Structure formats: structure tokens, C-alpha cells
Amino acid sequence: MKSKHKLFRTATISISLDILLKGQLAFLKEHYEVVAISGQDVHLDNVAHREGVQTIAVTFQRQIAPLKDVISLLQLYKVLRKEKPLMVHSITPKAGLLTMIAGYFAGVPIRIHTFTGLIFPYKKGFLHHLLLFLDKVLCRFATHIIPEGEGVKKDLVAFKVTKKPLKVIANGNVNGIDLQYFNPEYISEEVCKNYKRTLHIAPSDFVFVFVGRLVADKGINELVAAFTDLSTQNSNCKLLLVGPFENELDPLNSETLHLITTNTSIISVGFQDDIRPYLALSNVFVFPSYREGFPNVVLQAGAMNLPCIVTDISGCNEIVIPNENGIIIPVKNKIAIFDAMQLLYQDKNLLKRLNSKSRANIASRFQQELVWNNLLQEYKRLEKNV
């Protein structure tokens, strides 16, 4: 029996392998000897057990840390030199930079990095130039670059990050959507009633939901301000916030925090392992983020049959088609958020039309098997040139 080629997948933090690539590594294991590399913790253990692949612990720092980064680079180089994989494929910035450099010097023939989003366009001054330079270095040592979506591809071209060909896999997104898991039929009406009762949401309430980190660059300041105006006029509107606060990295302003605490129409439930019940009990998903690569949560909301209000940014404007499965609005615009929420609250015919098409729209373009098979085809294509 012919032995399988080795494929190494790396990410800066293991939760990226655990959550973003759920199921994909097990699929690829049928064709390759797959090894997952990241920092050792419960998420890397999850990857080993669920996906059935070998894991190797190499700690990466999310922030720039020259000495620790050099140590990680040397550790990664030793692993790749010893294991001799045919391919390394990284996601996330730090793992991408170190994997591509280590892979180059270790003689790995195929070195792929997927850009799931770019940070430097949203930074200023020295940090902007440094991050741009590091992404250019990453691309220099990679053999192939995969933008997660057309928006990321456009930015890579606009900022002249690389001259290498850029190929989006399928219709974008690193893993696609698990339509069996994100299925509104699996959350019963009784479950929704129980959740609503616990959250003090009346049966007649109209619920807007946001899922993600509660930080400034997710547009939470504008969302809370817009909803406060809406709820003042419409007492049966509720805003459900599902996600953790990150006060150290990108804190919300004090007025927003005060409104979240004092406005009884705003319900904050923190991080939740299973977001499906919160999506199932809601009427509209709102995601006014400033920047994204290709947000999984918009796919998940759409798969749960929710119309989506999103900002005109990479990923979001590739998932949402206006008047098909949602509304696209400008970034950092409280009035636009208010108008879109008010429109879907008042126009029941529009809401019903968007609702009827949301899941089918996602299923036709972002089904998980479609993404996995397209990625496998790309791997096989690259193998032929080695």
C-alpha cells in the first residue's frame, strides 16, 4: 500500500485549529498523513481526539515578541526538518510567518498560507508599515497564497503584498458551514420558549441578535446606540448580545457599557458554547463589524434562517446579497444600523422574504463539503508540480 504524503497544518493558537477547521482535518486524513501544530492546551487535545490526527506542540506568541518568536521558529524548523512533510499549510498571521520561513529553510516543497483577514490596513504609522512588511516576508517564503475571500484578495493586490497568484478556494471561507449542525429544525419551539422565558423575552418580542466579541471594532458602540433609539420607540424590541467582553484589547466606551447594564431591553449572556438556541429564538442577526476576513458567524446565522444586517466589508459583503438574504450598510454608521433594524422590524413582507431565502442562499454557496473538496483538489493540483 502506497504511503500517504505528510500534510502539516499550523495555527498561532490551537482554538483556531479546533474551531475554524472542525471536521476538515479528519476529512483530509483520508488522503494525507495530517499533523496539526500549535500551542499545547485543551483545544489541541480536542483536535487530536476528534479529528484523529497527530499533534505537535509548538508555542506561538500572538503579539510581536522577537526572542520568543526566534525560539518558536527554531522549534518549528527542527520539527519540519525531521518530519519532511510534502506540504505545510498555515492560517493566522504569526503561525503563517514562522511556518513559511521554517518551511523554506527545512526544504518543504509546498508552503501554503491562507490569509483569513489582514490587520495592517487598519493600523497607522509604524505598526502599519511593520505589519505590512511582515506579511510581505511571509509571502516571500510561501509558495502559494490563498485569500479567504475576494475582499482579502483585493487588499493583498491593492497593497502589493505579493506578486504570486492568488486563488480563493470555492466561494471563500476556510471551512464552510456545517448545515447539519446549524439547522433551525434541530432547535425545537419548546427549547426556544424555555430560553426566552429564562431571558425574560416575551413571546411577542422582536429580537435582534449579535454574536461575537463585545469590542469596539465589532461595531458594538454604534449597535447599542442605534438599538437604544429603536427600543425607545418600540418597547417590544430586544437586543441579544452573545459573546465575551474584552476590556483590555479593544474596550467599549463607558456610555455603551452603561447602556448595556441599564437598558432592560439589552440582554448580554456572555460567551456560549452553543449559539444555536440564541439564533433560533431571534428574528434578525446584526453584525456591524469594522473589519473581517470571512466571518463564520454570518454563515451560521444565515444557515439558521436569519436575515442578516452586515457592514460593507470583506467577507460580509460576499455572504450577504442585498434583498436576497439581508441588508448591507456602511461601516461605523449608527443611523444606518437604526434604519436597517427599523425597516426589518416594520416591513413584515420584506422580513418574510429574506427569511425564506437565507438558509438556501448559504447552502448553495458555502456548504462544508464544497469547501473541503475544492481544497483537496487544490492540494492534488499542487502535488503534480513537485
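Details of the structure are given in the entry above.
A. Seen up close, the environment of leucine 20. Inspection of the secondary structure puts leucine 20 in helix α1 (residues 14-20). The partly exposed category is assigned to leucine 20, whose relative accessible area is 24%. Between the C-alpha atoms of leucine 20 and valine 174, which are 154 residues apart in sequence, the distance is 7.2 Å. In this view, leucine 20 contacts Ile15, Ile91, Val174, Asn175 and Asn296; residues no more than four positions away in its chain are not counted.

B. Geometry of the pairing of strand β11 (residues 308-311). Residues Cys308 and Val310 point to one face of β11 and Ile309 and Thr311 to the other, with burial holding for every one of them. Looking at chain direction, strand β10 (residues 284-287) and β11 are connected through three bridges and run parallel. Counterpart to phenylalanine 285 in the pairing with β11 is cysteine 308. With helix α12 (residues 296-303) bridging β10 and its parallel neighbour β11, the resulting β-α-β unit is right-handed.

C. Broad picture of the pattern of salt bridges. Under the criterion given, the structure shown has 15 salt bridges. The residue aspartate 18 makes a salt bridge to arginine 50 at a minimum N-O spacing of 2.6 Å. Within this pair, whereas aspartate 18 is found in helix α1, its partner arginine 50 is found in helix α3 (residues 42-51), the two being separated by 32 residues in sequence. Looking at aspartate 18, the relative accessible area reads 4%, which means it is buried. Note that glutamate 189 and lysine 193 form a salt bridge whose closest N and O atoms lie 3.7 Å from each other. Linking glutamate 189 with lysine 193, this pair stays in helix α8 (residues 189-199), spanning four residues, or about one helical turn. Each member of the salt-bridge network shares a partner with another, and the members are Asp18, Arg50 and Glu51.

D. Focus on the nonpolar core. Core analysis: the biggest nonpolar cluster contains 68 residues, and Phe208, Leu223, Leu240, Leu279, Phe285, Val298 and Met341 have the highest contact counts within it. For this core, the element with the most residues is helix α14 (residues 334-346), which contributes seven residues. Filtering out sequence-adjacent residues up to four positions away, methionine 341 remains in contact with Phe208, Leu223, Ala226, Phe227, Leu230, Val286 and Ile309. Judged by nonpolar contacts, the second largest core, of 33 residues, contains Leu80, Phe120, Leu132 and Ile145.

E. Seen up close, the sheet that holds strand β9 (residues 266-270). Strand order in this open sheet of six strands is β9-β8-β7-β10-β11-β12, and the pairing throughout is parallel. The open sheet has two edge strands with one neighbour each: β9 and β12 (326-329). Adjacent strand axes in the sheet meet at a mean angle of 20° when their direction is disregarded. Taken strand by strand, α12 contacts β7 (206-211), β10 and β11, and its axis lies near 170° from that of β10.

F. Expanded view of helix α4 (residues 66-83). Between the first and last C-alpha of α4 there are 26 Å, a value that for 18 residues agrees with the 26 Å anticipated at 1.5 Å per step. The complete set of buried residues in α4 reads Asp69, Ser72, Leu76, Val79, Leu80 and Glu83. Down the axis of α4, the buried set is contained in an arc of 90°. They therefore lie on one face. Exposed residues pointing more than 90 degrees away from the buried face of α4 are listed as Pro66, Leu67, Lys78 and Lys82. The inward-facing, buried residues of α4 contact β1 (6-11), β2 (33-38), β3 (54-57), β4 (87-91) and α5 (93-105).

Definitions and limits used
Residues numbered from 1 in each chain as written. Predicted model: local features only at pLDDT ≥ 70, side-chain atom pairs only at ≥ 80, totals over all residues. Heavy atoms only, no water. Helix = DSSP H or I, 4+ residues; strand = E, 2+ residues; numbered from the N terminus. Buried < 20%, exposed > 50% of the residue type's maximum accessible area, 1.4 Å probe, protein only. Contact = heavy atoms within 4.5 Å. Pairing = 2+ DSSP bridges. Right-handed = clockwise from strand over helix to strand, strands pointing away. Salt bridge = Lys/Arg side-chain N within 4 Å of Asp/Glu carboxyl O. Core = buried A, V, L, I, M, F, W, Y, C linked by side-chain atoms within 4.5 Å. Axes fitted to C-alpha atoms, helices over the stretch in contact; angles between N-to-C directions. Expected span 1.5 Å × (residues − 1). Arc of directions from axis to C-beta.

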